[in-house]
Amino acid sequence: MALALAAAAAWLVVANARTPSMRAAPHRSFLVRDDAFVKDGEAFVVRSGSVHYSRVPTAYWRDRLLRLQALGLNTLTTYVPWNFHEEVEGNFTFDDNRDLGAFLDLANELGLVVLLRAGPYMCGEWDLGGFPAWLLAKENVTLRTWNDPYIDAVEKWWAALLPVVKPRLYSAGGGVAMIQLENEFGDYADCSQNENDAKYMNHLYDVAAAALGTDVVYTTVSPARNLMKGSPWHNDLRVLATVDGSLADSYDADFAAQKAFNAPGNSPKMWTELWTGWFTHWLDEQAANKTAKEYGDGVGAMAATPNASFSLYMAHGGTSFGYFSGANILDGAYVADITSYDYNAPIGEAGDHTTGADGGDTFAAIRDAIAAVYGAPPAEPPAVAKTAYGSIHLEEKAALFDQVDALATCSVRADAAAWPTQEALGQAHGFTLFTVQREDLPEALHFAPETLHDRVQAFVDGAAVGVAFRGTCLPNCSLPLPRGGRLDLLLENTGRVNYGSGELFDPK
């Protein structure tokens, strides 16, 4: 028997005005001309930072965007996680913390230009790179290429998403001036060699342009080494290819590669992800960190590069609430991302300045590096008040197996030779309990990384007997079992792979 156990994530939200009318916007324009961004007829250098609305409670959106401006930034970059808005196929949600329109309206109110990374794939250490889990249950589906079941789902998703974006385009009075198609596609596919990859990317552009028009700058992003693989728009004015990568002393070589790829005159220097911090995995010895000096030097070198546009990844990381944190495959091993997405970004998870590995203030280092070129930024808002709640004593408890009926969202009898995945059960996240009742239990359970997804706790006759985890099950692992008549396996989905595997397919 397989039982799906689900838990709900609590969100702190406040009421939002719903899609306020945009002010009249005569002569508003944002375009590329002579290898420069041009905003309302004037040259414009994008100084952006990433803040993901899906990782910040609504009540803190304004505070975090004001802090972004206090870094000296004039543009907001954000992903749109598909599975955040369509967890259940055909059920689109754009309210409360999922109110993308309200987030874009707030950015516009504050005077921020917006680079919207519309996907459909986002990566971002987010479960399955933002793809809904139900996609994996579709017959013959292959993600991120020209594949009929996948393209059909993408078209339905964008038919819901793009109408939210259209009235918020810069040309319509909103802030959205740039739309990114896909994400780091060259790390996964090859538009220069695979016609289905190129067909897929061209189709994304066609769908977006049909819905939004061409009064917006369409972009892609890849490391400079993968520009030809990641974009079919070599020497094509329709789409601007941009680059990304780590902090460095010089960015000239990558910008030169970007210019060589793009159409003449259509290559403003644009570094879409300037990696200020880094993500952290479960079992890492410590949280990822850099020195504040590295932050200041790397951002300073970018700011000092003439007419170089950039986006800090991240300006504020936030939290992957609920079960939305993803996982990576690194050196062949599965590594699950932790819930915190603090990223050691200059604006920490709680809105404070973060501290670098050298004890320095990362926010101040980045702010001062930008200010040295572009002048003093606005002042920061007052610190968000903190409250000490004291000790909390948990006085009641309940045994897991006594609560199964209350926790289960479904119950099915499965074929012993083909246990169902969470996706087949219609379950996106959480836990699944498999129960086997027989007198001849095996002496041991044997697992391999490709069959263990992701962490399993084994119980015999209600007593815990061991744990196996995909990330440490190399090359395989076993759990010895005592004698007994009932075996319970509690499977925990610790996050679907969002980056690092050849094919993005990670059912649980």
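Calculation rules
- Residues numbered from 1 in each chain as written.
- Predicted model: local features only at pLDDT ≥ 70, side-chain atom pairs only at ≥ 80, totals over all residues.
- Heavy atoms only, no water.
- Pairing = 2+ DSSP bridges.
- Helix = DSSP H or I, 4+ residues; strand = E, 2+ residues; numbered from the N terminus.
- Axes fitted to C-alpha atoms, helices over the stretch in contact; angles between N-to-C directions.
- Salt bridge = Lys/Arg side-chain N within 4 Å of Asp/Glu carboxyl O.
- Buried < 20%, exposed > 50% of the residue type's maximum accessible area, 1.4 Å probe, protein only.
- Disulfide = S-S within 2.5 Å.

(A) A look at the sheet that holds strand β2 (residues 30-33). As summarised here, the arrangement of the three strands in space is β2-β3-β4, forming an open sheet in which the pairing is antiparallel. The strands lining the two open edges of the sheet, one partner per strand, are β2 and β4 (42-44). Shown here is a sheet whose adjacent strand axes are inclined to one another by a mean of 45 degrees, direction ignored. In this structure, strand β3 (residues 36-39) lies alongside β4, joined through three bridges in antiparallel fashion. Counterpart to Val38 in the pairing with β4 is Ala43.

(B) Representation of the pattern of salt bridges within the structure. Scanning the entire structure with this criterion turns up 24 salt bridges. With its nearest N and O atoms 2.8 Å apart, the salt bridge here joins Arg144 to Glu182. With Arg144 in the loop between β7 (113-117) and α4 (148-165) and Glu182 in the loop between β8 (176-180) and α5 (195-212), this residue pair connects regions lying 38 residues apart in the sequence. Both residues of the pair, Arg144 and Glu182, belong to the buried class. Three or more residues joined by partner-sharing salt bridges are found here, namely Asp63, Arg64, Arg67 and Glu380.

(C) Structural context of the sheet that holds strand β13 (residues 327-330). Pairing within the open sheet is mixed, and its three strands lie in the order β14-β13-β22. Strands at the two margins of the open sheet, each flanked by one partner only, are β14 (333-336) and β22 (497-499). Pairwise comparison of adjacent strand axes, ignoring direction, gives a mean angle of 45 degrees for this sheet. Where β13 and β14 come together, four bridges link them in antiparallel fashion. The partner of Asn328 across the bridge, within β14, is Val335.

(D) Expanded view of the state of the cysteines. All told, the structure shown has one disulfide when counted by the stated rule. A sulfur-sulfur distance of 2.2 Å marks the disulfide that ties Cys473 to Cys477. Taking the sign of the torsion about the S-S bond as the criterion, the disulfide between Cys473 and Cys477, at about -100 degrees, is left-handed. With relative accessibility at 18%, the residue Cys477 sits in the buried group. For Cys191, which is in no disulfide, the shortest distance to another cysteine sulfur is to Cys123 and amounts to 17 Å. Exposure remark for Cys191: the relative accessible area of 9% places this residue in the buried category.

The values reported here are purely geometric and, on their own, carry no functional implication.
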